[in-house]
Amino acid sequence: MKRFILTERNGIYIIDLQQSLDFIDRAYEFIKETVAHGGSVLYVGTKKQAQEAIAEQARRVGMPFVNQRWLGGMLTNFATVYKRLQRLKELEEIDFDDVAASGLTKKELLHLRRERDKLERSLGGIRDMARVPSALWVVDTKKEHIAVSEARKLGIPVIAILDTNCDPDEVTYPVPGNDDAIRSVALLTRVVADAVADGLIARAGAAAGEEKPSAAADGMLGTEEPLAEWERALLEGRATDGAVAAGADGGTAPDGAALANGAAPAGDAPAPAGDAAAADATAAADATAAADATASADAAPAPGADGASASDGAPAGDGAPAGDAAAPADAASGTEGE
């Protein structure tokens, strides 16, 4: 460990944290890649300073852990350990509070409860571990020397915190640090858990990428993806409503009916040229007829009492009504007499 020690002060060795950062980055990438390819990491830390942090971070990322006592052969004799895990699951299904329904005596239930508690204490952290893990995270390799030796026999990579009293040759990915301080252990264990979380995210993204539909011949992505039942029913309902509206209106559905049926308006397509010309001709004819009627009314002379000439009833100006242009007969006679 001399190469990882920066200096000595008051009989205490100070670890070079710059080297620790480099080793942490290397271990982080390894753990991330291992988990991303479907592997698992077993957390091991049975000393008091590490028990709580190991259990908390392992549960956070759904990985197995051992924080009470390492049983000899937990890796090299995993077949036997797996049988005990099955026994633990059987005992967990028993309702120890219901004596009548269990068909056992109170003493038998008491013995089974004690067996369950013992298995839970020693194997509860690896309850869901179905095979040997892909890597080990170890706190204090001196105390967990049995776990390290079993991992080396099986060729399992070991990532561990190396204190100044540890042997770095026993560990595949060493992380120089203090394994006696609670904060140091919690910090490094959380970093390892973050690496596992990143690996799980990468694994989920890779699985989602494999399930994406391939591009069709026309280059449109997702054209071969099957539709859900509700999507298929919705599309069929829209097609039926559109066909009914088109048949009733001669192929063109009104905007209001189309919107009420939830389909796109049939008027989205450009109107035929013939329909537009017919509409323009009708509007022009109406305007011409209105103009002729107005001119005829303006040109009609007003009948005077003394046979006034048409000049007395001159046409009104532009836009003036015909009634205003022709004066009443009595009014015209009075004016001439004056």
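Residues numbered from 1 in each chain as written. Predicted model: local features only at pLDDT ≥ 70, side-chain atom pairs only at ≥ 80, totals over all residues. Heavy atoms only, no water.

1. Here's the deal with the pairing of strand β2 (residues 12–15)
Direction of pairing for strand β1 (residues 5–9) relative to β2: antiparallel, over a ladder of four bridges. When the bridges of β2 are listed, Ile-5 appears paired with Ile-15. Here β1 folds back onto β2, and the loop between the two strands holds two residues, one of which, Asn-10, carries a positive phi near 55 degrees. (Pairing = 2+ DSSP bridges. Helix = DSSP H or I, 4+ residues; strand = E, 2+ residues; numbered from the N terminus.)

2. With respect to the confidence of the model for the protein
Averaged over the protein, the pLDDT score is 75; the fraction of residues at 70 or greater is 63%. Mean pLDDT values for the elements of the protein range from 40 in helix α12 (residues 329–337) up to 96 in strand β3 (residues 41–44). Low pLDDT (under 50) marks residues 211–225, which in the prediction has ten contacts with non-local residues, meaning those over four places away or in another chain. Every residue in residues 251–274 scores below 50 in pLDDT, and together they form 16 contacts with partners more than four places removed in sequence or on other chains. (pLDDT = per-residue confidence, 0-100. Contact = heavy atoms within 4.5 Å.)

3. So, helix α2 (residues 48–61)
An α-helix turns once per 3.6 residues; consequently, residues spaced three or four apart project the same way. When we look at burial in α2, the residues that qualify are Ala-50, Ala-53, Ile-54, Ala-55, Gln-57, Ala-58 and Val-61. Among the residues trailing α2, Gly-62 stands out with phi positive, at a value near 70 degrees. (Buried < 20%, exposed > 50% of the residue type's maximum accessible area, 1.4 Å probe, protein only.)

4. Digging into the environment of Val-192
Here Val-192 lies in helix α7 (residues 182–210). Separated by 151 residues in sequence, Val-192 and Val-41 place their C-alpha atoms 9.4 Å apart. Each residue touching Val-192, except ones within four places of it in the same chain, is listed here: Ile-31, Tyr-43 and Trp-137.

5. Topic: the side chain of Glu-144
Relative to the assigned elements, Glu-144 resides in the loop between β5 (135–139) and α6 (145–154). Although buried, Glu-144 forms no salt bridge, and the nearest oppositely charged side chain, Lys-143, lies 5.6 Å from it. For Glu-144, the residues in contact, after removing those within four places along its chain, are Val-44, Gly-45, Thr-46, Lys-47, Trp-70, Val-138 and Val-139. (Lys, Arg positive; Asp, Glu negative; His and termini not counted. Salt bridge = Lys/Arg side-chain N within 4 Å of Asp/Glu carboxyl O.)

6. Comments concerning the nonpolar core
General note: in soluble globular proteins, nonpolar side chains tend to be found buried as a group. Ranked by internal contacts, the top residues of the largest apolar core, which has 32 residues, are Leu-42, Trp-70, Ile-126 and Leu-136. Those elements that provide at least two residues to this core are β3, α3 (78–92), α5 (106–123), β5, α6 and β6 (158–162). Here this core gets five residues from one element, more than from any other, and that element is α3. Listed in part, the 26 residues of the second largest apolar core include Ile-31, Ala-55, Phe-65 and Val-192. (Core = buried A, V, L, I, M, F, W, Y, C linked by side-chain atoms within 4.5 Å.)

7. Let's talk about the packing of aromatic side chains
Working definition: an aromatic ring pair is given by the centre-to-centre distance plus the angle between the planes. All chains considered together, the criterion is met by three aromatic pairs. Between Phe-4 and Phe-23, the ring centres sit 5.4 Å apart and the planes meet at 80 degrees, which makes this aromatic pair edge-to-face. A residue pair is termed long-range when its members are at least 10 positions apart, and Phe-4 in the segment before β1 and Phe-23 in helix α1 (residues 17–36) qualify at 19 residues. In this structure Phe-4 comes out as buried when scored by relative accessible area, which is 2%. Where Phe-78 meets Tyr-82, the ring centres are 6.2 Å apart and the plane angle is 45 degrees; that geometry is what we call tilted. With Phe-78 and Tyr-82 both in helix α3 and four residues apart, the pair spans about one turn of that helix. For Tyr-82, a relative accessible area of 34% puts it in the partly exposed group. (Phe/Tyr/Trp six-rings, centres within 6.5 Å; stacked < 30°, edge-to-face > 60°.)

8. A few points about the pattern of salt bridges
As enumerated under the stated definition, the model contains eleven salt bridges in all. Here Glu-115 ties to Arg-84 by a salt bridge, and the two come within 3.4 Å at their closest N and O atoms. Of the two residues, Glu-115 is situated in helix α5 and Arg-84 in helix α3; the sequence distance between them amounts to 31 residues. For Arg-127, the salt bridge is made with Glu-92, and the minimal N-O distance between the two is 3.0 Å. Here Arg-127, found in the loop between α5 and β5, pairs with Glu-92, found in helix α3; they are 35 residues apart in sequence, far enough to count as distant. Judged by its relative accessible area of 22%, Arg-127 falls in the partly exposed class.

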